[in-house]
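# Working through the structure, step by step
Here are the chains, one letter per residue:
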Amino acid sequence: MGTDKNHLFDNAKNVKRFLYLFYGSCGVLFILDFVVHRHIILSWENLWGFYPIYGFVGCIVLVQAAKWARTYLMHPENYYASEGKGCEIMAEFEDPPGVEEKSVEEKHCTKPGDHNVDD
Amino acid sequence: MWMIEIPPFVPFFIGALIAAVTHGLLRNVLMVSIPIISALHLSMVPEAVHLQFAFLDYQLIPYQVDKLSLMFAYVFHIAAFISIIYSLHVRDTLQQVAAMMYTGSGLGAVFAGDLLTLFVFWEFLAFSSVFLIWARRTQRAYAAGMRYLIIQVLSGIILLVGALFYALENGTLAFSYIGLDGLAGCLIFVAFGIKCAFPLAHNWLTDAYPEATVTGTVFLSAFSTKVAVYALARGYPGTELLIYIGAAMACFPILFAVIENDLRRVLAYSLINQVGFMVVGIGIGTALAINGTVSHAFAHIIYKGLLFMSMGAVLHMAGRINGSDLGGLYKTMPKTTALCIVGAASISAFPLFSGFVSKSMVMAAALENGFNWIWLTLLFASAGVFHHAGIKIPYFAFFAHDSGIRVSDPPNNMLFAMVIAAALCIFIGVYPTALYALLPYETGYNPYDASHVLAQTQLLFFAALAFVWLNLRGVYPPELRAINLDFDWFYRRFVPNLLQKIFLIIWKKDKALRQYFLSTMDRFLIFLAKINDGISIMLSRTYPAGSMALWVAVILALYLLLSFIN
């Protein structure tokens, strides 16, 4: 398995090289905007750096919106696992207190090995 | 030529039967050969009505072939072939049988020439696919499967009611253009919409798909929603409402996908996003737009299958699929990593990959028809899909921080299936003419125009730049062990809680009312007894029963005595 063989991105230099290559490509693409003559349908498309800026800003907005949404939407993993619990009406149908409840982890989480019923 | 009259679902149903009674190598060989034989058969089938009969006063057409249905049938065969290879190692008869039934039902639905046949296969799809979820055999999969089944069956029932109204309104059950005029049209639209994962009706998908088995999800991703897309394309082309629904579908799931931890659920959200593009195409309804929808469905089934297969491989080998638990897998799963990146590039519509040549038709159609804001929304969705499916999936699974997990690439059959899918993604991207030749309309569209290639590459590279920038600044939302509430909260939490509270109040009131009634009855009886007391004095109810017996005995004795005296 090559337990601790040095892999491509283990070397910080390689990560940097990759990133510089990426920044370089972005720069070239941006410059090409002024070189390539576009066939356009919408006047927006002719705006200076329309596609690059739209892609960049769009994604920042997306991530910030998602982060903001997370403050309302995020809940513990076992949020739904307690379905039906705390219900007074159902109390008499529930297990007697002596019966030990399995933890949520045990009940719902797939452990390595038991995820695959196939073989 | 009796062979032609055999509808394509038949070989797959026979396959299900074979899968049920065979096992081992024989089963594998037979299962792989069924989509091949069926595809060869299909390639000889001309466009026409091949099977029809009268039922009551209506003409039923269980097998009708045209370009639109053929296109979906071709890709269903490809998807079935790839998915079967991917699941060859599975030793679970339940899954094999369910998968064959499910594929057959999908094929039955796209060749249905009337609404009743469509309804039958619509329900078959639901009942066969749910076993692919239940086959995971966890409590969570069981519950998710149950919710999935209820929603799917509900969609089928609405379709049936709609079909009956349609027959009443139009005197025919033939499945052609329906439109939104009339109650029947609206009902059928809702039924299609549920299966198509319209906003607010989409949670069955994000709930159930990630809970299915590793191989089951690959099958699931191919058929249900695409049958719905096909049905919408046949029944509602040019319905403007679909443009707005589709744009919403393309946009809102990407928000959830960005913060979702379960990587197969991220893919489920991005599936809705991609179906959104198809729905917009149907809504625009021009030849170019419908071509765009159909070709996007074709390309999508393959690259989405590839992505689900790569994440399935991770789950299969590492036993976990949460982004927070994974990372650094490229070190020991290099092949899976490369194949996943091909899928990611395809869904992101990079030039030379399949998504590029299909999605652009829908975008071009939106522009040509003056839907500028929709086009802008779809452009945002394109950048967004690259962000979560194109970067997030490979990055958090295979790169990011080293999770320390060292598992090898999956078994050869899984790898081989992924290689076929990846090869098709690249083939379609490089040589789109092969795909375009199969499309329903001739439009002469060319995706490889310098402006278009540059625009798309710029959009994607700068979307990636945003990811890199946010990541380096440490503001990118980290993968956390948590879930995000979606609309299903309403039926999983809010409505049950509300009902619980309502019933609690009702039952309390009911209890109080009954107690009041009982105590009133008691008081009334005591009152009667008191009156009785006043009238009957010694025989009254307030005396013990013994005294009454005594008095009876005394009376009898007296009676006896008197009779002797006589």
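Residues numbered from 1 in each chain as written. Chains lettered and ligands numbered in written order. Predicted model: local features only at pLDDT ≥ 70, side-chain atom pairs only at ≥ 80, totals over all residues.

On to the overall build of chain A. When its secondary structure is counted, chain A shows three helices and one strand. Shown N-terminal to C-terminal, the secondary structure of chain A runs as helices and strands in the order α-α-β-α. The buried share among the 119 residues of chain A stands at 11%. (Helix = DSSP H or I, 4+ residues; strand = E, 2+ residues; numbered from the N terminus. Buried ≥ 20, exposed ≤ 12 C-beta atoms within 10 Å, placed from the backbone.)

Below, the discussion takes up the overall build of chain B. Broken down by element type, chain B carries 20 helices and three strands. Computed over the C-alpha atoms, the radius of gyration of chain B is 32 Å, more than 25% above the 24 Å expected from 2.2 N^0.38 for a compact globule of 566 residues. Expressed as lengths along the three principal axes of its C-alpha atoms, the size of chain B is roughly 135 × 65 × 55 Å. A total of 566 residues make up chain B; the buried ones form 55% of that total. When contacts within chain B are restricted to residue pairs at least 6 apart in sequence, those whose partners lie at least 24 apart make up 81%. (Rg over C-alpha atoms; globule rule 2.2 N^0.38 Å. Contact = placed C-beta atoms within 7 Å.)

With that out of the way, let us pick up the nonpolar core. Residue and element names in this part refer to chain B. In terms of nonpolar packing, the biggest core is built from 208 residues, with Leu232, Val280, Leu306, Leu307, Leu378 and Ala463 touching the most fellow members. Ranked by the residues each element gives to this core, the list is headed by helix 12 (residues 287-318), at 20 residues. Leucine 232 has contacts with Phe192, Cys196, Leu242, Val279 and Ile282, leaving out every residue within four places of it along the chain. (Core = buried A, V, L, I, M, F, W, Y, C linked by C-beta atoms within 7 Å.)

With 59 residues of chain B at the contact, the number on the chain A side is 54 residues. Listed by contribution, the elements that provide at least two residues to the side of chain B that touches chain A are helix 6 (139-170), helix 10 (240-259), helix 12, helix 15 (372-398), helix 18 (450-472), strand 3 (483-484) and helix 19 (488-536) of chain B. Looking at the side of chain B that touches chain A residue by residue, the class counts come to 35 nonpolar, 14 polar and 10 charged. (Nonpolar A, V, L, I, M, F, W, Y, C, P; charged D, E, K, R; others polar.)

Looking now at the packing of helix 9 (residues 214-235) of chain B against helix 12 of chain B. Residues and elements named next belong to chain B. With their axes 8 Å apart at the nearest point, helix 9 and helix 12 run at an angle of 165 degrees to one another. The orientation of helix 9 relative to helix 12 falls into the category roughly antiparallel. Crossing of helix 9 over helix 12 shows right-handed handedness. Between helix 9 and helix 12, the residues in contact are Val214, Thr215, Thr217, Val218, Ser221, Ala222, Lys226, Val229 and Ala233 and Ile290, Thr293, Val294, Ala297, Ile301, Lys304, Gly305, Phe308, Met309, Gly312, Leu315 and His316, respectively. (Axes fitted to C-alpha atoms, helices over the stretch in contact; angles between N-to-C directions. Parallel < 35°, antiparallel > 145°, perpendicular 65-115°, else oblique. Left-handed = near helix turned anticlockwise from the far one by under 90°.)

Time to look at unusual backbone geometry. Residue and element names in this part refer to chain B. In the Ramachandran plot, leucine 200 falls in the positive-phi region, its phi being about 75 degrees despite a non-glycine side chain. Within the secondary structure layout, leucine 200 lies in the loop between helix 7 (182-195) and helix 8 (203-208). You can call leucine 200 partly exposed: it has 14 C-beta atoms within 10 Å. For alanine 400, which is not a glycine, the phi torsion comes out positive at approximately 50 degrees. With respect to the element layout, alanine 400 can be found in the loop between helix 15 and helix 16 (412-430).

Right, let's get into helix 5 (residues 115-134) of chain B. For helix 5 of chain B, with 20 residues, the first-to-last C-alpha span of 29 Å sits near the 28 Å given by 1.5 Å per residue. Counting buried residues along helix 5 of chain B, 16 of its 20 residues qualify, which places the element largely inside the surrounding structure. (Expected span 1.5 Å × (residues − 1).)

With that settled, consider the confidence of the model for chain A. A residue-level look at chain A finds 65% of positions with pLDDT of 70 or above and a mean pLDDT of 72. Across chain A, element-level confidence peaks in helix 2 (residues 50-73) of chain A with a mean pLDDT of 93 and bottoms out in helix 3 (residues 104-108) of chain A with 42. (pLDDT = per-residue confidence, 0-100.)

Turning our eyes to something else, we now look at the packing of helix 13 (residues 334-347) of chain B against helix 15 of chain B. Residues and elements named next belong to chain B. At their nearest, the axes of helix 13 and helix 15 sit 8 Å apart, and the two run at 170 degrees to each other. With respect to helix 15, the axis of helix 13 lies roughly antiparallel. Residues Thr337, Cys340, Ile341, Ala344, Ala345 and Ile347 of helix 13 form the contact with helix 15, whose participating residues are Val385, Ala389, Gly390, Ile393, Pro394 and Phe398. For the contact of helix 13 with helix 15, the class distribution of residues is 10 nonpolar, two polar and no charged.

This part is about the pairing of strand 1 (residues 48-55) of chain B. Residues and elements named next belong to chain B. With zero of its eight residues buried, strand 1 lies for the most part at the surface. Bridging between strand 1 and strand 2 (residues 58-65) involves six bridges; their strand directions are antiparallel. Among the inter-strand pairings, phenylalanine 53 is bridged to a residue of strand 2, identified as leucine 60. Here strand 1 folds back onto strand 2 in antiparallel fashion, the turn holding two residues, of which leucine 56 has a positive phi close to 50 degrees. (Pairing = 2+ DSSP bridges.)

Another point: the confidence of the model for chain B. Put simply, chain B has an average pLDDT of 92, and 98% of its residues get 70 or more. Averaged pLDDT values for the elements of chain B fall to 81 in strand 1 of chain B and rise to 97 in helix 16 of chain B.

On to the environment of Ile41(A), then. Residues and elements named next belong to chain A. Secondary-structure assignment places isoleucine 41 in the loop between helix 1 (12-35) and helix 2. With 15 C-beta atoms packed within 10 Å, isoleucine 41 lands in the partly exposed category. Remark: the alpha-carbon pair of isoleucine 41 and phenylalanine 22, spanning 19 residues in sequence, is separated by 30 Å.

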